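# Summary of structural features
Take a look at the letters that make up each chain.
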Amino acid sequence: GKFYDSVVLPKDPLQCDVEYIPIDKDGKPFLPENAVQFAQSGISNSPGSDDGSLLDVITSFDDVYGVAKGDVMLSLLSSKFGQKNPDTDGSVQVRNAIQRNRDLGRTNGFLPPRNETSNFNPPNSPVMERLESHKGGAGTISKLHRRALSSMKHDDFDRAAEIYEDVVAFSSGKLKKQEKDPETDDETRTVESTDYKSLVATALYNLATIFLLKEEYEEASDLFKQASEIRESSPGNHHVDHITSLVNQAFCYFAMNDFPKSRSTLLESLELCKQKNQCVSDFTQLAEILNNLGCQSFLLGHLGTAIKLFRESTLVLSAVQNRSVYVGTRQLRQTVCLNISIASSNLGYIQLCIRDYSAATVAFEEALVHQQNLLDDSQETLIATMDHLVIANFLAGNKQKAHQMMERLYDASVCLYGKDDSRCELLVKRMSLIENNGVEYKGKIERHLQVPGHQKVPPQKPFTRSLSGKRH
């Protein structure tokens, strides 16, 4: 039968009939055989080479030190659920998604503690002066890249931006001069121009990533667009670097609350991604796109499509997880588990909205099992999941579990915000309401649980998928 037959929705321009991942004879999702190249969980092994071609000088900040490819999973959950001014700004969702994975990187030791300072000393001369004096040699640019990388690790994004603004300006200027040099023959000019274009695109991408981390989204989106245009004209628009630039551009649009532009950019990325997936990080990026399109579909009121997209995102990540049993790093395995929990909690939120409280409870419990092994109780994502698990248990009639989770949530919130914070005071009031009859409290909660643009939807049929991969 069809998915969620009783859901009456307006026509959705996004069709989700394509299978993004195959299913084996045991019903488990798996990666295609050609997905043999394994990215190192988004961690740059080469911080830039002092020697060699321009292509080896710098690496993209699409790893744990910047914004890791496939890691920005948007969440429908807010840690301010039920408050007068809940998070409705796209920038909050983007910030939380990025911060969640940087926190995981700190837990794993890939990023230093927040208060630790960089060991790199400031350069003795301005960046542009050093570039000019060394004529932009590979060694000089590589050293500056490593300085910027060190600043990124320590969240000193202003310093990293200062370095990269000059690197971008200098390399762009060199490219223009090289293209106009009358003494260079056409063949040499073509080769050198391609190398410089690649360098400029990566530098633009890195500077855009820094601005994304600085939460200066308009500047970041413009730089990602420039990087995307160069990468499209150089390696080709099916190249994975071009796709990553587009995906990050979509994050910026979402953070600026330009949801239509974000959605159209993600749809373009999805079409390209389906054609070019090669390594495991490409599939984590595919799952990221599906999940984030699911969030946007929900916000547009396309409930059925959102459910399908979250399911597909989970299946893709499960396939990556199955492969990681044999190949991959601890960081990859943990990131995939965390991302599965986000897609699962997004499904749980929709199940809350359609009043399927038992299914929502299961979804939030599954998400929390992953998150509590990866994140501190005081992390915003985990607090939001616990908060919604309280609500799901309460609405399902499990008052004891709701109270137990509320006590854990209160302890975590005190740790994060302080005992006198208004959020902690609100939790005390909620505990009191749960202990009493709770009829008035239930009504208040249900008023918050509305599908955008739609009335209440009754509980629906469960999702199943046959061994052939077809939905039922």
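Residues numbered from 1 in each chain as written. Predicted model: local features only at pLDDT ≥ 70, side-chain atom pairs only at ≥ 80, totals over all residues. Heavy atoms only, no water.

## What about the overall build of the protein chain?
- Check the secondary structure of the protein chain and you find 16 helices and zero strands.
- When each of the 472 residues of the protein chain is scored for burial, the buried share is 55%.
- Nonlocal contacts in the protein chain, meaning residues at least 24 apart in sequence, comprise 71% of its contacts between residues at least 6 apart.
- Surface accessibility of the protein chain: about 21,000 Å² in total, with carbon and sulfur atoms responsible for 49%. (Helix = DSSP H or I, 4+ residues; strand = E, 2+ residues; numbered from the N terminus. Buried < 20%, exposed > 50% of the residue type's maximum accessible area, 1.4 Å probe, protein only. Contact = heavy atoms within 4.5 Å. Areas by Shrake-Rupley, 256 points an atom, 1.4 Å probe, with all protein chains shown as cover.)

## Some thoughts on the pattern of salt bridges
- For the coordinates displayed, the defined rule picks out 10 salt bridges.
- Put simply, R95 and E215 hold a salt bridge, and the shortest N to O gap is 3.1 Å. Highlighted residues: R95 in helix α1 (residues 90-107) and E215 in the loop between α5 (186-213) and α6 (217-233), separated in sequence by 120 residues.
- Note that E216 is salt-bridged to K214, the shortest N-O span being 3.5 Å. (Salt bridge = Lys/Arg side-chain N within 4 Å of Asp/Glu carboxyl O.)

## With respect to a negative patch on the surface
- A cluster of acidic side chains, namely E218, E219, D222, E229, E232 and E268, defines a negative patch on the protein surface.
- Per element, the largest residue contribution to the negative patch is five residues, and it comes from α6.
- Assignment of secondary structure puts E218 in helix α6. (Patch = residues over 30% accessible without salt bridge, like charges linked within 9 Å, V, L, I, M, F, W, Y side chains within 5 Å. Lys, Arg positive; Asp, Glu negative; His and termini not counted. Charge placed at Lys NZ, Arg CZ, Asp CG, Glu CD.)

## Let's talk about the nonpolar core
- Within the largest apolar cluster, 118 residues are counted, with the highest numbers of intra-cluster contacts made by Y164 and L212.
- Looking at which element gives the most residues to this core, the answer is α5, with 13 residues.
- In this structure, L212 is in contact with V67, V94, I98, Y217, A220, F224 and C252, ignoring residues within four places of it in sequence. (Core = buried A, V, L, I, M, F, W, Y, C linked by side-chain atoms within 4.5 Å.)

## With respect to the side chain of Q371
- Looking at the secondary structure, you find Q371 in helix α12 (residues 357-371).
- A polar contact of 2.8 Å, which involves the side chain of Q371, links it to the side chain of T385.
- Those residues in contact with Q371, other than ones at most four positions away along the chain, are L338, S341, I342, T381, L382 and T385. (Polar contact = N/O pair within 3.5 Å; in protein donor to acceptor, adjacent residues only side chain to side chain.)

## Brief notes about the packing of aromatic side chains
- Enumeration over the complete set of coordinates arrives at four aromatic pairs.
- Aromatic pair F61 and Y164: ring centres 5.6 Å apart, planes at 70 degrees, arrangement edge-to-face. With F61 in the segment before α1 and Y164 in helix α4 (residues 157-180), the pair connects residues that are 103 residues apart, well separated along the chain.
- Given a relative accessible area of 1%, Y164 falls into the buried group.
- When the centroid spacing of 5.4 Å and the interplanar angle of 70 degrees are considered together, the rings of Y205 and F224 count as edge-to-face. Of the two residues, Y205 is situated in helix α5 and F224 in helix α6; the sequence distance between them amounts to 19 residues.
- Residue Y205 is classed as buried on the basis of its relative accessible area, which comes to 1%.
- Taking NZ or CZ as reference, K153 lies 4.7 Å from the ring centre of Y65, over its face. (Phe/Tyr/Trp six-rings, centres within 6.5 Å; stacked < 30°, edge-to-face > 60°. Lys NZ or Arg CZ within 6 Å of the ring centre and 35° of its normal.)

## Quick notes on the environment of F254
- Within the secondary structure layout, F254 lies in helix α7 (residues 240-255).
- Judged by its relative accessible area of 1%, F254 is buried.
- Those residues in contact with F254 that sit more than four places away from it in its chain are L74, G90, S91, Q93, V94, F259, S262, Q296 and L299.

## Let's talk about the side chain of D71
- As for its position among the elements, D71 is in the segment before α1.
- R100 provides the closest opposite charge to the buried, unpaired D71, separated from it by 8.5 Å.

## As for a nonpolar patch on the surface
- There is a patch of nonpolar side chains on the surface, built from V325, Y326 and V327 and spanning about 370 Å² of accessible area.
- Mapping V325 onto the fold places it in the loop between α10 (303-324) and α11 (330-353).

## Observations concerning the packing of helix α14 (residues 399-417) against helix α15 (residues 422-435)
- Where α14 meets α15, the closest approach of the two axes is 10 Å, and the angle between their N-to-C directions is 170 degrees. Considering the angle they form, α14 stands roughly antiparallel to α15. Contacts between α14 and α15 involve K399, A402, H403, M406, E407, L409, Y410, S413, V414 and Y417 on the former and, on the latter, R423, C424, L427, V428, R430, M431, I434 and E435.
- The residue makeup of the contact of α14 with α15, split by class, is 11 nonpolar, two polar and five charged. (Axes fitted to C-alpha atoms, helices over the stretch in contact; angles between N-to-C directions. Parallel < 35°, antiparallel > 145°, perpendicular 65-115°, else oblique. Nonpolar A, V, L, I, M, F, W, Y, C, P; charged D, E, K, R; others polar.)

## Considerations on unusual backbone geometry
- Of note in this structure, E215 is not a glycine but carries a positive phi near 65 degrees.
- On the basis of relative accessibility, which here comes to 36%, the residue E215 falls in the partly exposed class.

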